[in-house]
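Chains, contacts and geometry: an overview
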Amino acid sequence: MNVGQAVYDLTTIAIKNGRIEEEDRIYHQNELLRLIGSNNLGTPEVKTPEELETIVSTLMDAAKRNEMINDKVNLDMMEALIMDTITPLPSQVNHKFWEYYQQQPNAATNYFYHLSQQNNYIKMRSIAKNIHYFAPSPYGELEITINLSKPEKNPKEIAAALKLPQNSYPDCALCIENEGFFGSLNQAARSNHRIINLELSGEKWGFQYSPYAYFNEHAIVLNHIHQPMIVNKKSFEHLADFVEQFPEYMIGSNADLPIVGGSILTHDHYQAGKHDFPMAKAPIREKINLNNFPMVQAGIVDWPMSVIRLKSADREALIEAAEMIRLKWNQYDNIDLLIQASDDQGTRHHTVTPIMRRRGDDFELDLVLRDNNTNDQYPDGIFHPHADVQHIKQENIGLIEVMGLAILPPRLVRELDEVKAFLMNKAEKVNPIHQEWADQLKQHSFTDVDAYVKQAVADVFTRVLSDAGVFKDDSEGHRGFSEFIATFD
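Remember, predicted model here, so these are calculated numbers, not experimental data.

**As for the overall build of the chain**
Counting secondary structure elements, the chain contains 16 helices and 13 strands. Compactness check: the chain gives a C-alpha radius of gyration of 25 Å against a globular reference of 23 Å for 489 residues, within 12% of the reference. Structurally, the chain occupies a C-alpha span of about 80 × 60 × 45 Å along its principal axes. Considering only contacts within the chain whose residues lie at least 6 apart along the sequence, 64% involve residues at least 24 apart. For the chain, the accessible surface area stands at approximately 22,000 Å², while carbon and sulfur atoms represent 49% of it. In the chain, the 46 positive side-chain charges and the 69 negative ones have mean positions that sit 3 Å from each other.

Below you can see the structure in the form of structure tokens.
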């Protein structure tokens with residue numbers, strides 16, 4: 001495909017997408033030529049455009065030849081610039097989104113999701129490389145992914161990020177100012193980034209899709225104000241407002257403390273999407289009577305982490321019940337179970353991971369109890385993946401993992417192949433971090449090594465979730481959970 005045809009075809013797509021009018025074509029073509037360092041359109045053919053991937057590849061090759069990709073402009077920055085030319089302006093996207101919303105919320109999200117895929121803001125090619133499968137567990141089917149898109153972070157790196165000076169622009173990767181940001185060699189290119197403006201509980205928030213989606217229609221809902229993550233009663237109001245506006249989506253928040261929180265604690269945000277997570281399918285193990293909230297159904301979820309589920313058509317009653325539980329948990333100690341709400345210096349160690357969804361007319365809210373204490377035996381976190389499972393998962397157990405979707409690091413692709421070779425007697429040893437586990441696996445028979453190792457990884461993830469549970473799924477843990485619930489009255 002020649003460069004002139006690629007420029008003409010991309011202009012045709014820009015017109016179709018509503019970025020420009022037909023009268024803007026010549027101007028837009030010349031802008032594209034300047035962008036890629038070319039000055040000759042030639043005589044393009046008027047026809048149906050080629051595949052977008054072919055068009056962009058042609059333009060990127062031209063930009064490389066013309067040295068427009070250099071030590072100041074990398075490949076991602078140039079591709080985002082090219083994709084921006086077919087992406088409607090923020091005002092156009094918002095106008096179209098809310099126009100579709102008047103038909104039905106699903107029409108609006110479909111429009112925005114398709115646009116975010118087409119302009120490669122959602123990195124579909126990268127996401128397609130991820131490994132994904134389902135595996136049984138005592139708590140129902142779990143989802144396992146090996147993420148080949150982003151590098152692994154450990155809890156110490158995440159905590160250290162909180163201490164870095166906030167002197168860059170934008171302040172962080174979630175700030176509203178990223179919309180259209182050119183990027184730099186150490187900041188993500190966001191020229192093709194668009195945000196839908198929302199109002200949640202009387203405040204300005206933004207709605208966008210995640211570039212590296214971990215699940216269906218994985219979205220981020222971000223505060224217009226750059227301020228630290230916090231989980232409180234206002235958070236529950238935000239979640240309820242969101243699912244009222246978008247009833248087909250779930251939405252949740254990472255915990256707001258290091259170790260048990262997500263990878264970005266410096267900016268107030270939630271994660272949402274159209275996905276039925278394993279935890280959402282888990283049944284109630286034991287009902288709870290909330291005597292002060294008769295309109296709210298409650299129960300302990302049959303899950304390796306410690307989860308209380310609330311359900312009611314009365315959103316205000318549900319929010320009040322959730323806030324009562326949060327406040328009780330923030331003050332609850334059980335020294336026998338190593339549960340301690342705060343330390344001698346008054347540092348808070350308790351919070352919740354909340355997840356909300358609609359069930360018909362009802363609001364359903366899961367509150368996952370979190371504790372980020374450490375001790376000499378568990379320096380990485382008492383309720384964090386323990387050392388013997390960190391060969392598979394060492395990162396924080398954030399919102400997505402809590403719900404039963406494992407996000408595992410890319411190193412495992414190579415390392416698990418080594419384990420398989422060892423099990424098949426084709427290798428004498430494996431990476432030392434896996435050796436003990438591999439030796440244990442070799443003690444059992446199997447017929448399909450791939451299926452055997454996949455299930456073994458899922459079994460480790462079940463243990464990871466159990467490690468993160470404050471009340472274990474055993475008689476002692478059940479007794480402790482009951483003692484906590486007794487504080488509600």
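**Side note on unusual backbone geometry**
Of note in the backbone geometry, Asn 120 takes a positive phi value of approximately 65 degrees without being a glycine. Looking at the secondary structure, you find Asn 120 in the loop between helix H6 (105-118) and helix H7 (124-127). By relative accessible area, which is 8% here, Asn 120 ends up buried. Of note in the backbone geometry, Ile 259 takes a positive phi value of approximately 75 degrees without being a glycine. Structurally, the position occupied by Ile 259 is in the loop between strand E6 (250-252) and strand E7 (269-273).

**Considering the packing of helix H1 (residues 3-17) against helix H3 (residues 52-65)**
At a minimum axis separation of 9 Å, H1 and H3 run at an interaxial angle of 130 degrees. When the axes of H1 and H3 are compared, the pair comes out oblique. Crossing of H1 against H3: the hand is left-handed. Of H3, the residues touching H1 (which contributes Val 3, Ala 6, Val 7, Asp 9, Leu 10 and Ile 13) are Leu 52, Ile 55, Thr 58, Leu 59, Ala 62 and Arg 65. Within the contact of H1 with H3, the residues separate by chemical class into 9 nonpolar, 1 polar and 2 charged.

**Looking at the domain arrangement of the chain**
According to the domain assignment, the chain consists of domain 1 (3-86), domain 2 (124-404 + 478-486) and domain 3 (410-468). For domain 1 and domain 3, the distance between their C-alpha centroids amounts to 47 Å.

**Quick word on the sheet that holds strand E12 (residues 362-371)**
Strand pairs in the sheet, formed through backbone hydrogen bonds, run parallel or antiparallel to each other. Strand order in the open sheet formed by 10 strands is E3-E4-E5-E7-E6-E11-E12-E10-E9-E8, with antiparallel pairing between adjacent strands. At either margin of the open sheet sits one strand with a lone partner, and together these are strand E3 (196-200) and strand E8 (284-288). Direction aside, neighbouring strands of the sheet carry axes that sit 25 degrees apart on average. Both E3 and strand E4 (residues 203-209) contribute to a ladder of 5 bridges, which runs antiparallel. Note that in E4 the partner of Glu 199 across the bridge is Lys 204. Relative to the sheet, H6 contacts E3 and E4, its axis offset from that of E4 by approximately 55 degrees. Packed on one face of the sheet, helix H16 (residues 475-485) meets E8, strand E9 (297-301), strand E10 (307-312) and E12 and runs near 30 degrees to E8.

**With respect to the pairing of E9**
Among the 5 residues that make up E9, 4 are buried, leaving the element largely enclosed by the rest of the structure. Both E8 and E9 contribute to a ladder of 4 bridges, which runs antiparallel. Among the inter-strand pairings, Ile 288 is bridged to a residue of E9, identified as Ala 298. In terms of strand pairing, E9 meets E10 through 4 bridges, oriented antiparallel. Residue pairing across strands places Gly 299 opposite Arg 309, the latter belonging to E10.

**A few points about the pairing of E3**
Here E3 shows a buried face lined by Ile 196, Leu 198 and Leu 200 and an unburied face lined by Asn 197 and Glu 199. Between the antiparallel neighbours E3 and E4 lie 2 residues, among them Ser 201 with a positive phi of about 50 degrees.

**Concerning helix H14 (residues 432-442)**
Within the sequence span of H14, burial applies to His 434, Gln 435, Trp 437, Ala 438 and Leu 441. Looking at the packing, one finds that the buried side of H14 touches helix H13 (411-423) and helix H15 (449-468).

**As for the state of the cysteines**
A complete count under the given rule lists 0 disulfides for this structure. The thiol of Cys 172 is not disulfide-bonded; the next cysteine sulfur, from Cys 175, is found 3.8 Å away. For Cys 175, a relative accessible area of 2% translates into the label buried.

**A few points about the sheet that holds strand E1 (residues 131-135)**
The strand order across the open sheet built from 3 strands is E1-E2-E13, with neighbouring strands paired in mixed fashion. Two strands bound the open sheet, and with one partner strand each, they are E1 and strand E13 (405-408). When the angles between neighbouring strand axes are averaged without regard to direction, this sheet yields 20 degrees. Where strand E2 (residues 142-146) meets E13, 4 bridges bridge the pair, whose relative direction is parallel. Counterpart to Thr 145 in the pairing with E13 is Ile 407.

**Quick look at the environment of Trp 98**
Following the sequence through the fold, Trp 98 ends up in helix H5 (residues 90-101). The spacing of Trp 98 and Ala 108 is 10 residues in sequence and 6.6 Å in space, taken between C-alpha atoms. Not counting chain neighbours up to four residues away, the residues in contact with Trp 98 comprise Ile 196, Asn 197, Leu 198, Gln 245 and Phe 246.

**A few points about the UniProt feature "domain: Galactose-1-phosphate uridyl transferase C-terminal" (unreviewed entry) in the chain**
In this numbering, the UniProt entry assigns the feature "domain: Galactose-1-phosphate uridyl transferase C-terminal" (unreviewed entry) to residues 244-438. Between the end C-alpha atoms of residues 244-438 there is a gap of 48 Å, over a span that is 23% helix and 25% strand.

**So, the pattern of salt bridges**
A complete count under the given rule lists 31 salt bridges for this structure. Two residues, Lys 233 and Glu 320, come together in a salt bridge whose shortest N-O distance is 2.6 Å. Of the two residues, Lys 233 sits in helix H9 (residues 233-245) while Glu 320 sits in helix H11 (residues 315-329), which places them 87 residues apart along the sequence. Overall, Lys 233 belongs to the partly exposed group, its relative accessible area being 28%. On the basis of relative accessibility, which here comes to 36%, the residue Glu 320 falls in the partly exposed class. Taking the shortest distance from any N to any O, the salt bridge between Asp 366 and Arg 309 comes out at 2.7 Å.

The rules behind these values
- Residues numbered from 1 in each chain as written.
- Predicted model: local features only at pLDDT ≥ 70, side-chain atom pairs only at ≥ 80, totals over all residues.
- Heavy atoms only, no water.
- Helix = DSSP H or I, 4+ residues; strand = E, 2+ residues; numbered from the N terminus.
- Rg over C-alpha atoms; globule rule 2.2 N^0.38 Å.
- Contact = heavy atoms within 4.5 Å.
- Areas by Shrake-Rupley, 256 points an atom, 1.4 Å probe, with all protein chains shown as cover.
- Lys, Arg positive; Asp, Glu negative; His and termini not counted.
- Charge placed at Lys NZ, Arg CZ, Asp CG, Glu CD.
- Buried < 20%, exposed > 50% of the residue type's maximum accessible area, 1.4 Å probe, protein only.
- Axes fitted to C-alpha atoms, helices over the stretch in contact; angles between N-to-C directions.
- Parallel < 35°, antiparallel > 145°, perpendicular 65-115°, else oblique.
- Left-handed = near helix turned anticlockwise from the far one by under 90°.
- Nonpolar A, V, L, I, M, F, W, Y, C, P; charged D, E, K, R; others polar.
- Domains from an automatic or database assignment.
- Pairing = 2+ DSSP bridges.
- Disulfide = S-S within 2.5 Å.
- UniProt positions renumbered as here; feature names shortened; annotations may be inferred.
- Salt bridge = Lys/Arg side-chain N within 4 Å of Asp/Glu carboxyl O.

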